[in-house]
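Notes for the structure review
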Amino acid sequence: MNGLSTVLIVVGLFFVGGIISFTKQKMPKSLIVLLSVGAAMCLVTGLLRLEV
């Protein structure tokens, strides 16, 4: 597991926490969708870069 994949996974999980928070605050749906796309991209990229 290299450093970049770890950083991407952590950032993706941070974005998931933001999605949960923004949903509870009833923020605009477009902002939540944009954040969820970014979280999905970070998590998928981090998982694909894993060297297991």
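Look above for the structure.
Below: a short report on this structure. (Residues numbered from 1 in each chain as written. Predicted model: local features only at pLDDT ≥ 70, side-chain atom pairs only at ≥ 80, totals over all residues. Heavy atoms only, no water.)

Concerning the packing of aromatic side chains
Note on aromatic pairs: each is described by the distance of the centres and the angle between the planes. Applying the stated criterion to the full structure yields one aromatic pair. Relative to phenylalanine 15, the ring of phenylalanine 14 has its centre 6.4 Å away and its plane inclined at 45°; by these criteria the two rings are tilted. Since its relative accessible area comes to 62%, phenylalanine 14 is described here as exposed. (Phe/Tyr/Trp six-rings, centres within 6.5 Å; stacked < 30°, edge-to-face > 60°. Buried < 20%, exposed > 50% of the residue type's maximum accessible area, 1.4 Å probe, protein only.)

Focus: the packing of helix H1 (residues 3-24) against helix H2 (residues 29-48)
Contact geometry for H1 and H2: axes closest at 8 Å, N-to-C directions at 155°. With respect to their mutual orientation, H1 and H2 come out roughly antiparallel. For the crossing formed where H1 meets H2, the hand is left-handed. Residues Ser5, Leu8, Ile9, Val11, Gly12, Leu13, Phe15, Val16, Gly18, Ile19, Phe22 and Thr23 of H1 form the contact with H2, whose participating residues are Leu31, Ile32, Leu35, Ser36, Gly38, Ala39, Cys42, Leu43, Thr45, Gly46 and Leu47. Class assignment for the residues of the contact of H1 with H2 results in 15 nonpolar, eight polar and no charged. (Axes fitted to C-alpha atoms, helices over the stretch in contact; angles between N-to-C directions. Helix = DSSP H or I, 4+ residues; strand = E, 2+ residues; numbered from the N terminus. Parallel < 35°, antiparallel > 145°, perpendicular 65-115°, else oblique. Left-handed = near helix turned anticlockwise from the far one by under 90°. Contact = heavy atoms within 4.5 Å. Nonpolar A, V, L, I, M, F, W, Y, C, P; charged D, E, K, R; others polar.)

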